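The lines below spell out each chain.
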Amino acid sequence: MQTTTVKAFGTPSPEADLAPISINRRAVLPKDVEIDILYCGVCHSDLHTARNDWGGSVYPAVPGHEIVGKVTAVGSDVTKFKVGDLAAVGCIVDSCRTCNSCKQDLEQYCLNGFTGTYNGQDLHLGGQTFGGYSEKVVVDEHYVLSVPQNLDLAAVAPLLCAGVTTWSPLKHWNVKEGSKVAVIGLGGLGHMAIKLAKGLGADVTLFSRTPDKAEDAKALGADHVVISTDKAQMKAVAGQFDLIIDTVPYDHDVNPYVSTLNISGTLVLVGYLGALENMLNTVPMILGRKSVAGSVIGGIAETQEMLDFCGEKGIVSEIEIIKMQDINTAYQRMLKSDVRYRFVIDMASLKNS
């Protein structure tokens, strides 16, 4: 298969910094869309993959799955896009398309395993897939998304992961006008959960361990802030919430939050992967038909629905734009939670280097 060599930023090992490398992109196939990448968001998953925190990383690793750009070529059978269109790619670039999950537009739960935008199995060139820290990407049109033209393109990028990761549970658990939603943690995911829940008409509360984020949360759309370390405040909201979106990325005790769920309410984990050391107390769950669940990213149709909704409501992420050459510093700042609330790479810095 013919390929094109493009500039990228990647790492050859878990210990090495990201640096300039060259990668190959396939020639455009009949159903393919080629996208010139203008902006790429920086996700915690990028850092975890680069450092092999979850195991299974394949090197060289080129992260990036919050991709926004402009279409530069389309295959002969492409019907959804034309050259010059704005387009986006999220966390998925392929799936089996035949299993029950894929047939329900739930590619994120593909029973045969979806192909990730990076560190997945490249079904065309062999080896691993390379992500958006690069000049361009070639993706089957089924997995390419249309971008509303009225939104700030750079601020759209994090919607492709942080946005849909919080949108998916909001829609699955039927959040609507008047729903009572709480969000645990105010970071890249948490700030999007607040904006999207508010956009859907919910009454939104932020749970925070300290009061220092209260002003920010309310500026983002939160109606209330509850300090989770204050027993009186937690008692005051017992039995209130229809849905709690837990965005905390590390092991923590969820039991205090379960008690704040309404009858038949659900706490959904979207930020943490792994075992919880504190066992769940089943008493409030059984006595109130309450649930603790999990959710990951979203399917392609769901992601497009979210982008269209954001276009209608004028919702984008809060971002700080960086140059590609500053990615290692950005990773260090992410580890210190020193970003409000998402880094986005201006990919012109790579192309012009």
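Quick caveat, the model's predicted, so the values are computed rather than measured. (Residues numbered from 1 in each chain as written. Predicted model: local features only at pLDDT ≥ 70, side-chain atom pairs only at ≥ 80, totals over all residues. Heavy atoms only, no water.)

1. Quick notes on the packing of helix α4 (residues 162–172) against helix α5 (residues 188–199)
Here is step 1 of the chain: Look at α4 against α5: their axes get within 8 Å of each other, and the N-to-C directions meet at 50°. Judged by the angle between their axes, α4 and α5 are oblique. The element α4 and its partner α5 pack so that their crossing is right-handed. Counted together, Ala162, Gly163, Thr165, Thr166, Trp167 and Leu170 of α4 and Gly188, Leu189, Met192, Ala193, Leu196 and Ala197 of α5 form the full contact between these two elements.
Here is step 2 of the chain: Here the residues of the contact of α4 with α5 are counted per class, giving 8 nonpolar, 4 polar and no charged. (Axes fitted to C-alpha atoms, helices over the stretch in contact; angles between N-to-C directions. Helix = DSSP H or I, 4+ residues; strand = E, 2+ residues; numbered from the N terminus. Parallel < 35°, antiparallel > 145°, perpendicular 65-115°, else oblique. Left-handed = near helix turned anticlockwise from the far one by under 90°. Contact = heavy atoms within 4.5 Å. Nonpolar A, V, L, I, M, F, W, Y, C, P; charged D, E, K, R; others polar.)

2. Brief notes about the pairing of strand β17 (residues 342–346)
Here is step 1 of the chain: Among the 5 residues of β17, 4 are classified as buried, and the element is accordingly described as predominantly covered.
Here is step 2 of the chain: Bridge count for strand β3 (residues 32–41) against β17 is 3 bridges, and the pairing is antiparallel. Across the sheet, Tyr39 pairs through a bridge with Asp346, a residue of β17.
Here is step 3 of the chain: Crossover handedness for the path strand β16 (residues 319–323) to helix α11 (residues 327–335) to β17: right-handed. (Buried < 20%, exposed > 50% of the residue type's maximum accessible area, 1.4 Å probe, protein only. Pairing = 2+ DSSP bridges. Right-handed = clockwise from strand over helix to strand, strands pointing away.)

3. Structural notes on the nonpolar core
Soluble globular proteins tend to bury their nonpolar side chains together.
Here is step 1 of the chain: Val42, Tyr133, Val156, Leu170, Ile194, Ile327 and Tyr331 are the most contacted members of the largest nonpolar core, which totals 91 residues.
Here is step 2 of the chain: Residues within four places of Ile194 in sequence aside, it is in contact with Val183, Leu186, Val204, Leu206, Ala217, Leu220, Gly221 and Ala222.
Here is step 3 of the chain: One finds Met234, Val237, Val248 and Met285 within the second-largest nonpolar core, a separate group that totals 16 residues. (Core = buried A, V, L, I, M, F, W, Y, C linked by side-chain atoms within 4.5 Å.)

4. Things to note about the packing of aromatic side chains
Here is step 1 of the chain: As enumerated under the stated definition, the model contains 3 aromatic pairs in all.
Here is step 2 of the chain: Taking the centre distance of 4.8 Å and the plane angle of 40° together, the rings of Trp167 and Phe309 count as tilted. Residue Trp167 is found in helix α4, and its partner Phe309 is found in helix α10 (residues 300–313); the two are separated by 142 residues along the sequence.
Here is step 3 of the chain: With centroids separated by 5.6 Å and ring planes inclined at 80°, the aromatic side chains of Phe207 and Phe241 adopt a geometry described as edge-to-face. Taken together, the positions of Phe207 in strand β11 (residues 203–208) and Phe241 in strand β13 (residues 241–246) put the pair 34 residues apart, joining distant regions of the chain. Note on accessibility: Phe207 and Phe241 belong to one class, buried.
Here is step 4 of the chain: Linked through ring pairs, Phe207, Phe241 and Tyr257 together constitute an aromatic cluster. (Phe/Tyr/Trp six-rings, centres within 6.5 Å; stacked < 30°, edge-to-face > 60°.)

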